[in-house]
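A look at the structure
Each chain, written out:
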Amino acid sequence: MKPVRKAVIPAAGFGTRLLPVSKTIPKEMLPIIDTPVIQHVIEEAVEAGCEDILVILSRGKESLEDYFDRSFELEEQLKVKGKTEALESILRPTRLAHIHFIRQQEMRGLGDAVLMARQFVGDEPFLLLLGDTIVRSNDGTAVSKLLADTYARNEGPVIAVEPVAREAISRYGIVDGTEVSDQADVYRLKTLVEKPAPEEAPSNLAVCSRYLLTPDIFDLLATAKPGKNGEIQITDALRRLAAQRAMFARRIHGRRYDAGNKLEFVKTNILFALERPDLRDKLTAFLKELVSTL
């Protein structure tokens, strides 16, 4: 069985939930303090063992390519000024992995974007990570690493899932599966249901932006019929895949940060700032003062 060494990150969406800023700044490039969302996503893939990463872009998102490229003039200025820490911060993204880019010329859905990675993936398993969402486990293990470990043990595609409140069920893809008796938090998948009513949902376990897939998904995407708005939905292909082979879900104990949502973006910045020694104390004092005035 081949190891997981490739990752695919769709980042072609318009980011309409974050307009007007996303008109010119890709939502994946919006900073969590001083680091763009997509760098967090790529670092997660690297922790899982990925060496080659394909980012799928659309027109107007060239800044993602620039960010992961060298800037020799800036590097030289920082060297001359002795700003070692700043220099290392701009070099780190360029050293993470072999990062490749391709453009999705038409917005035809997530499934269509993933299909563009077929040649890049070849006959290997691959991670699929949504580029505007950070997912972290409580114990610090990269979520993609958990998926890779589950894949290695079961030799089948794996979807990361998280429990959601009843009132939120209708906003997500929900999995139907049975627990694997000798593996904690692992479920043998029966099917997926896209945005069901709470009373019709088979569980409260929602797909949470991370997948480990096998190359047989591409034939299913290539033959998938367009759904709403003429888009190719990856959920339809995953449902068909689950009917053809053993497929699994891995429950994640942690938190998902949806940086493509305005309120969640603000919350994410606050939570990440509270983890940083250089910001925590002053921010905590400010928040306490602020709350006292509300």
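Residues numbered from 1 in each chain as written. Predicted model: local features only at pLDDT ≥ 70, side-chain atom pairs only at ≥ 80, totals over all residues. Heavy atoms only, no water.

With that settled, consider the packing of aromatic side chains. All told, the structure shown has three aromatic pairs when counted by the stated rule. Pairing Phe126 with Phe218 gives two aromatic rings, centres 5.4 Å apart and planes at 10°, and the pair type is stacked. Residue Phe126 is found in strand E6 (residues 126-129), and its partner Phe218 is found in helix H8 (residues 217-222); the two are separated by 92 residues along the sequence. Positioned above the aromatic ring of Phe120 is the side chain of Lys6, whose terminal nitrogen or guanidinium carbon lies 5.2 Å from the ring centre. Over the ring of Phe272 we find Arg136; its NZ or CZ atom is 4.2 Å from the centre of that ring. (Phe/Tyr/Trp six-rings, centres within 6.5 Å; stacked < 30°, edge-to-face > 60°. Helix = DSSP H or I, 4+ residues; strand = E, 2+ residues; numbered from the N terminus. Lys NZ or Arg CZ within 6 Å of the ring centre and 35° of its normal.)

Next up on the list: the nonpolar core. Among soluble globular proteins, nonpolar side chains are generally buried collectively. Judged by nonpolar contacts, the single largest core of 44 residues is most densely connected at Ile9, Ile38, Ile42, Ile53, Val55, Leu127 and Leu212. The residues contacting Leu127, other than those within four sequence positions of it, are Val4, Lys6, Ala7, Val8, Ala48, Cys50, Ser144, Leu147, Tyr211 and Leu212. One finds Ala113, Val175, Leu189 and Met247 within the second-largest nonpolar core, a separate group that totals 33 residues. (Core = buried A, V, L, I, M, F, W, Y, C linked by side-chain atoms within 4.5 Å. Buried < 20%, exposed > 50% of the residue type's maximum accessible area, 1.4 Å probe, protein only. Contact = heavy atoms within 4.5 Å.)

This part is about the side chain of Gln183. By the secondary structure assignment, Gln183 is in the loop between strand E9 (173-179) and strand E10 (186-194). Only 2.8 Å separates the side chain of Gln183 from the side chain of Asn154, close enough to count as a polar contact. When sequence neighbours within four positions are dropped, the list of residues in contact with Gln183 reads Arg153 and Asn154. (Polar contact = N/O pair within 3.5 Å; in protein donor to acceptor, adjacent residues only side chain to side chain.)

Attention shifts here to the packing of helix H10 (residues 262-274) against helix H11 (residues 280-293). Running from amino to carboxyl end, H10 crosses H11 at an angle of 130°, the nearest separation of the two axes being 8 Å. With respect to H11, the element H10 is oriented oblique. Listed contacts from H11 to Ile270, Ala273 and Leu274 of H10 are Arg280, Leu283, Thr284 and Leu287. Taken together, the residues of the contact of H10 with H11 sort by class into five nonpolar, one polar and one charged. (Axes fitted to C-alpha atoms, helices over the stretch in contact; angles between N-to-C directions. Parallel < 35°, antiparallel > 145°, perpendicular 65-115°, else oblique. Nonpolar A, V, L, I, M, F, W, Y, C, P; charged D, E, K, R; others polar.)

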